[in-house]
Amino acid sequence: MSLTLLAMADNRLIRQPAGRNWPLQRLHLFAGPLSVRLLAYRNIKTGFFMSILKVSALTAALSLSALPSQAVPVFPNSDYSNSVASVEQILGYPLGSRISEPAAIKQYFEQLAAAHPKRIKLVPYAQSWQGRPLFYVVIGSEQHISQLPDIQQQMQQLANPQNISDGQAEQLIEQLPASVWIANSLHGNEISPAESSMALAYHLLADQSPQTAKLLANTLVYIDPLQNPDGHNRFVSRYYATVGLAHSADRLSAEHNEPWPNGRTNHYLFDMNRDWISLTQPETRGRVKALQQVYPLVFVDSHEMGGDMGYYFSPEAEPYNPHIQANQRQSLQWLGENNARWFDKFGYDYFTREIFDAFYPGYGASWPLYHGSIAMTYEMASARGHNYRKADGEILTFADGVQRNFVAFMATIETASQRAPQLLKNFYQYRKDAIKQGSSGAVRSFIFPAERDSAGHTKLSAILTEHGITVAKANEAFKACGQSYQAGSYVINTAQPTYHLIRTLLDDTVPMDKDFIAKQEQRRANNLPDQIYDVTAWSLPLMYNLPVDSCNRAVSVASTVVSSERVLAGSVTNLQAEFGYIVPWGDMAAARFVSAALQQGLKVKSSDLPFTHQNGKQYPSGSLIISKADNGPQLAEQMQQLATLSGAAVTGINSSWVTDGPNFGSFNVKTLHKPNIAMLWDEPANPLSAGSARFIVERNLNYPVTAIRPAQLTGADLSHYQVLVVPASSRGSYQQALGSRGLANLRSFVERGGVLITLGNATDMLLAGDSPLLSSKREYKVREGDAKKAETDSKVAGSIIKTPQEYQQWLVPEKADPDWVPGFIARAEVDQQHWLTAGVPASVNSLYVGNQVYQPLTIADGRNVVRFAPAEQLLAGGFVWDENRQQIANKPLVMVQEVGRGQVISFTQEPNFRAYVDGMHLLYINAIFRGAAHANPLR
């Protein structure tokens, strides 16, 4: 047998004899001099062994370092057919030897689907912000693929127990296959799962062994190969831009230290593994829709973690969300045990239960649980490149991750195949029991009175509809649980298959286990970090700041089921008005209206105070006034168009006469100028903060934002901008990044009439220096009593520690930061007399995350326009340490201070947290548009 060596510049290892295409399994790499490597191979088809003397040159070094530590995939008793193309045959490099770009991954699956249409189908389901397609493939036996539409329809029938009998359900359970959905690389820099999807697809199609045939005989495998193509493309392009002569395993190397904002997030820098409850991103929305068409029984969300950590799979860590049922936890145990059995066979280490809990419902590995499926996270230690030197000196390779994910996927498919009838029965029973619980429990309906914020109710009801929850809008007034409600109120009866999801999303608090909380208090007392993995509250009504009532009776009223349209067309009353138009302020529809109006060049005024017009209607502060005298002859047509697109309610008025409040020519009525908005972008900004702050303006308002790197700010001319937003920081501080020149430039920007808005801990930047821009201070942790005082001598006066509580105070340093708060929903009280709070109700809810507490401004310095509620009312949802609750109470959430001709506005907590605290968005928008109107630059 003669073999020909290939040129060293590419990644191919050998060229096989002419006319033959045998898959080769690489077995060993025998170390030798740099120029000589001996490679041993087994021909998988014939079993013969071959060895190749590989001659290298300087140009070969990069290819050699890219070679996998073993052939991928490897699975016992596999018998690969040469009729199925490998990754190398299609993409030109062995699987695991190069990190594939999104286009390459798509190319591989497209060619598999084209070559084997009877066994694999490719289904597009969404498009990323940058226009990259998202798709899944489904692989199964020829019989199942031919019946795929029928199978999916039958799963939808099983998912709706109210429409089928138990007998019909039993028939479906007997005949339906199991289904496994494997979702990969939601975080774009978690690289091995995406590659493992190709390994799995190749194996399922090419392996002719009885074991794989048996798996596919009663299992459909759905593979979502790349959930975040934009972030993945960012990682791959930047990674290979740093590679030199050889891939470095050193964690200090540029290869292992991504530039801002790294590849984890999507285009708008969202962590999409937190987006499943709010559905802000198109990738998530498309995936949720696809899952409700398929209803897979088992959902795997495959991730990567730190390179020193090994491999993680179910069962999860405590706490579990109480809406996860006992049989679901049992299924997670089955899956974990079988994964462990296969990892033992391969000699792979793993761990379970220690981290990655199942409490927060916004993970990909959580959301399907509330529909009755089994969902879980898999986490592989990441090489974050080709090679990674672990702390113990072992070299972890990219191919290691690809192979181990593949084994975990195969083990999972085997479990689903073996337990298909039970999984199907559990799925049906979950949804049937949910209806029963919703029809007999203490909460049988949720009612939104919908007396204000029409746009917020429209959006929230649409999102709930996208979740598969039925929401109705009352066509007439009605009574329920002793309360009267107007027509237009929203009603959600809980007797639905999605009962547990309804309660998870709408309850103020989903409680954590008391024993778990006690354990966390004990850890905190010993200066150990708590084990709460994410936020403890996410109630959508609270975050939208929309009142909702729960009732122990189902509501029966003539109603219309709402759609998934998030913005409904607005209307214009009295289109041919003689004077002009008024748009009441107070929701996102009005905000969308003003954004579009200013971009069209219309002159818009806004009242700082509420007023009553001659027409008898009362209008809230912030309401918009657009007069014919100030605008062009096409104003009526523009009003109709803007109302339709924005959803705003526009009223035409024939006179400017106001019976109460300021007239339209008052100094309390400001002209809104079209602001140019800049935002700091790049280190040290927190990518999540920057992304959500930009997203709210650009995608919720369709208003452009200019991103500026901090380095440009040291000498930049900012006179072109009216507003500068500074996101929260993560690594490093703005003081260091900007330096004295940059900070001086910011001061000059504000003094000339600019509006400087800081988010979260970016407020610290305003407090720096001898002449701070904001006259507040950040607080240390409160120390109770006078347990100890600073002493300078080596010996101190004696003391008596009387109680364990006093002892705990001795453990606290004199200048310690408050303890970190994982995230709860806090009530805050609004000063409605200030222009910044126009249209905002008397109370709002904010996510509180972190440990930043700031002193209030004195009345001589500025205004604390929003402050946290007193301690007794502070906690709206979730969990907070008691001493934090006491210290946060009555402290500022939003501060405003005039500096020269401009304004400094500080949000001490993120108003745009994950873009799902909708009730805070109007304050952020006011800061931008009304802030610019209240600054006094020379125009």
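Notes on the structure in this doc start here. On a predicted model such as this, the values are computed, not experimentally measured, just so you know.

What counts and how
Residues numbered from 1 in each chain as written. Predicted model: local features only at pLDDT ≥ 70, side-chain atom pairs only at ≥ 80, totals over all residues. Heavy atoms only, no water. Patch = residues over 30% accessible without salt bridge, like charges linked within 9 Å, V, L, I, M, F, W, Y side chains within 5 Å. Areas by Shrake-Rupley, 256 points an atom, 1.4 Å probe, with all protein chains shown as cover. Salt bridge = Lys/Arg side-chain N within 4 Å of Asp/Glu carboxyl O. Helix = DSSP H or I, 4+ residues; strand = E, 2+ residues; numbered from the N terminus. Pairing = 2+ DSSP bridges. Axes fitted to C-alpha atoms, helices over the stretch in contact; angles between N-to-C directions. Contact = heavy atoms within 4.5 Å. 1 Å grid on protein atoms, 1.4 Å probe; cavity = no way out; pocket = protein on both sides within 12 Å on 5 of 7 lines; lining within 4 Å. Points joined across faces, edges and corners; volume = space filled by probe spheres on them. Nonpolar A, V, L, I, M, F, W, Y, C, P; charged D, E, K, R; others polar. Core = buried A, V, L, I, M, F, W, Y, C linked by side-chain atoms within 4.5 Å. Buried < 20%, exposed > 50% of the residue type's maximum accessible area, 1.4 Å probe, protein only. Expected span 1.5 Å × (residues − 1). Arc of directions from axis to C-beta. Disulfide = S-S within 2.5 Å. Polar contact = N/O pair within 3.5 Å; in protein donor to acceptor, adjacent residues only side chain to side chain. Phe/Tyr/Trp six-rings, centres within 6.5 Å; stacked < 30°, edge-to-face > 60°. Parallel < 35°, antiparallel > 145°, perpendicular 65-115°, else oblique. Left-handed = near helix turned anticlockwise from the far one by under 90°.

## Considering a nonpolar patch on the surface
Next, step 1: Together, Ile801, Tyr807 and Leu811 give the surface a local cluster of nonpolar side chains, amounting to about 270 Å² of exposed area.
Next, step 2: Relative to the helices and strands, isoleucine 801 resides in the loop between helix H22 (763-766) and helix H23 (804-810).

## Things to note about the sheet that holds strand E18 (residues 472-474)
Next, step 1: Strand order across the open sheet formed by five strands is E22-E17-E21-E18-E23, with antiparallel pairing between neighbours. In the strand order of this sheet, the two ends are held by strand E22 (549-551) and strand E23 (559-561), each with one partner. Adjacent strand axes in the sheet meet at a mean angle of 30°, parallel and antiparallel pairs treated alike.
Next, step 2: Of the strand pairs in this sheet, E18 and strand E21 (residues 490-493) are connected by two bridges, and their pairing is antiparallel. Paired with lysine 473 across the two strands is tyrosine 490, which belongs to E21.
Next, step 3: Docked against the sheet, helix H14 (residues 454-466) engages strand E17 (445-448) and E21, running at close to 25° with respect to E21.

## Observations concerning the layout of surface pockets
Next, step 1: Estimated volume of the largest pocket: approximately 1100 Å³.
Next, step 2: Forming the boundary of the largest pocket are 44 residues, of which Asn686, Leu688, Ser730, Phe913 and Arg914 lie nearest the centre.
Next, step 3: Looking at the lining of the largest pocket, the element that brings in the most residues is helix H20 (residues 687-700), giving four residues.
Next, step 4: Grouping the constituent residues of the lining of the largest pocket by class yields 15 nonpolar, 17 polar and 12 charged.

## A few points about the nonpolar core
Next, step 1: If you look at the biggest cluster of nonpolar residues, it comprises 262 residues, and the most contacted ones within it are Leu158, Leu200, Val298, Phe593, Ile757 and Ile905.
Next, step 2: In contact with phenylalanine 593, other than residues within four places in its own chain, are Val583, Leu624, Ile626, Met639, Leu642, Ala643, Ser646, Ala648 and Val650.
Next, step 3: By size, the runner-up hydrophobic cluster in this structure holds nine residues, among which are Ile447, Ala474, Phe478 and Val491.

## With respect to the pattern of salt bridges
Next, step 1: All chains considered together, the criterion is met by 34 salt bridges.
Next, step 2: Across the pair arginine 274 and aspartate 534 runs a salt bridge, and its minimum N-O distance is 2.7 Å. One end of the pair, arginine 274, is in the loop between helix H9 (229-242) and helix H10 (282-294); the other, aspartate 534, is in the loop between helix H16 (514-525) and helix H17 (540-544), and 260 residues separate them in sequence. Both residues of the pair, arginine 274 and aspartate 534, count as buried.

## Brief notes about empty space enclosed by the protein
Next, step 1: If you walk through the whole model with that rule in mind, you get eight cavities of 30 Å³ or more.
Next, step 2: Its volume calculated, the largest cavity comes out at about 60 Å³.
Next, step 3: In this structure, the largest cavity is lined by Leu291, Gln292, Tyr295, Pro296, Trp367, Pro368, His371 and Ser373.
Next, step 4: Of the residues assigned to the lining of the largest cavity, the class counts are five nonpolar, three polar and no charged.
Next, step 5: Here the second largest cavity defines a volume of roughly 50 Å³.

## Thoughts on the environment of isoleucine 532
Next, step 1: Its place among the elements puts isoleucine 532 in the loop between H16 and H17.
Next, step 2: Each C-alpha atom of the pair isoleucine 532 and asparagine 745 lies 41 Å from the other, and the pair is 213 residues apart in sequence.
Next, step 3: Not counting chain neighbours up to four residues away, the residues in contact with isoleucine 532 comprise Met512, Phe516, Gln520, Pro822, Phe879 and Trp881.

## Some remarks on H16
Next, step 1: Over its 12 residues, H16 extends 17 Å from the first C-alpha to the last, a length consistent with the 16 Å expected when each residue adds 1.5 Å.
Next, step 2: Every buried residue of H16 is listed here: Phe516, Ile517, Gln520 and Arg524. All buried residues of H16 fall inside an arc of 100° around its axis, so they share one side. Away from its buried face, by an angle of more than 90 degrees, H16 presents the exposed residues Lys514, Asp515 and Gln522.

## Comments concerning the sheet that holds strand E9 (residues 219-224)
Next, step 1: A sheet is described by the order of its strands in space; here seven strands give the open sequence E6-E7-E9-E8-E10-E14-E11, paired in mixed fashion. The open sheet has two free edges, formed respectively by strand E6 (120-127) and strand E11 (311-312), since each of these has just one partner strand.
Next, step 2: Direction of pairing for strand E10 (residues 298-305) relative to strand E14 (residues 374-381): parallel, over a ladder of eight bridges. Residue pairing in the sheet places methionine 305 in a bridge with alanine 381 of E14.
Next, step 3: Contacting E6, strand E7 (133-139) and E9, helix H5 (residues 148-158) runs over the sheet at an angle of about 90° to E9.

## Topic: the state of the cysteines
Next, step 1: According to the stated counting rule, one finds one disulfide in the structure shown.
Next, step 2: Residue cysteine 481 pairs covalently with cysteine 551 via a disulfide, S to S 1.9 Å. On the sign convention where negative is left-handed, the bridge of cysteine 481 and cysteine 551, at about 80° about the S-S bond, is right-handed. Taken as a pair, cysteine 481 in the loop between strand E19 (478-480) and strand E20 (483-485) and cysteine 551 in strand E22 lie far apart in primary sequence, 70 residues in all.
Next, step 3: Residue class for cysteine 481 comes out partly exposed when judged on its relative accessible area of 40%.
Next, step 4: With a relative accessible area of 3%, cysteine 551 lands in the buried category.

## A word on unusual backbone geometry
Next, step 1: Here the amide bond leading from tryptophan 260 into proline 261 is cis, since omega sits at 5°, within 30 degrees of zero.
Next, step 2: Locating proline 261 in the fold gives a position in the loop between H9 and H10.
Next, step 3: Cis geometry marks the peptide bond from serine 314 to proline 315; its omega dihedral reads 5°.
Next, step 4: Mapping proline 315 onto the fold places it in the loop between E11 and strand E12 (317-320).
Next, step 5: The phi dihedral of asparagine 77 is positive, around 65°, even though this residue is not glycine.
Next, step 6: In this fold, asparagine 77 is placed in the loop between helix H1 (61-65) and helix H2 (87-91).

## Some words on the side chain of asparagine 338
Next, step 1: With respect to the helices and strands, asparagine 338 occurs in helix H11 (residues 326-346).
Next, step 2: A distance of 3.0 Å separates a polar atom in the side chain of asparagine 338 from a polar atom in the side chain of threonine 415.
Next, step 3: Not counting residues within four places of it along the chain, the set of residues in contact with asparagine 338 comprises Ala411, Glu414 and Thr415.

## Some remarks on the packing of aromatic side chains
Next, step 1: Across all of its chains, the model carries 45 aromatic pairs by this definition.
Next, step 2: Ring centres of tyrosine 360 and tryptophan 538 lie 5.7 Å apart, and the angle between their planes is 75°; on these two criteria the pair is classed as edge-to-face. Taken together, the residues span a long stretch of sequence, with tyrosine 360 in the loop between strand E13 (357-358) and E14 and tryptophan 538 in the loop between H16 and H17 at a distance of 178 residues. Here tyrosine 360 matches tryptophan 538 in class, with each residue buried.
Next, step 3: When the ring of phenylalanine 478 is compared with that of tyrosine 485, the centres are 5.3 Å apart and the planes differ by 25°; the resulting orientation is stacked.

## Brief notes about the pairing of strand E39 (residues 863-868)
Next, step 1: Strand direction decides the pairing type here: strand E37 (residues 821-830) and E39, joined by three bridges, are antiparallel. Note on E39: the bridge partner recorded for valine 830 is valine 866.
Next, step 2: Pairing of E39 with strand E41 (residues 892-899), which is carried by four bridges, proceeds in the antiparallel orientation. Opposite arginine 867, over in E41, you have proline 892 as the bridge partner.

## Some remarks on the packing of helix H18 (residues 588-599) against helix H19 (residues 635-646)
Next, step 1: Running from amino to carboxyl end, H18 crosses H19 at an angle of 135°, the nearest separation of the two axes being 9 Å. The orientation of H18 with respect to H19, classified from their angle, is oblique. Classified by chirality, the crossing of H19 by H18 is right-handed. Counting all contacts with H18, which are made through Ala589, Arg592, Phe593, Ala596 and Ala597, the residues of H19 involved are Met639, Leu642, Ala643 and Ser646.
Next, step 2: Of the residues belonging to the contact of H18 with H19, the class tally is seven nonpolar, one polar and one charged.

## Points about helix H15 (residues 499-506)
Next, step 1: Of all eight residues in H15, eight are buried, a share of seventy percent or more.
Next, step 2: Tyr499, His500, Leu501, Ile502, Arg503, Thr504, Leu505 and Leu506 are the residues of H15 that are buried.
Next, step 3: The inward-facing, buried residues of H15 contact helix H13 (420-440), E17, H14, E21 and H17.

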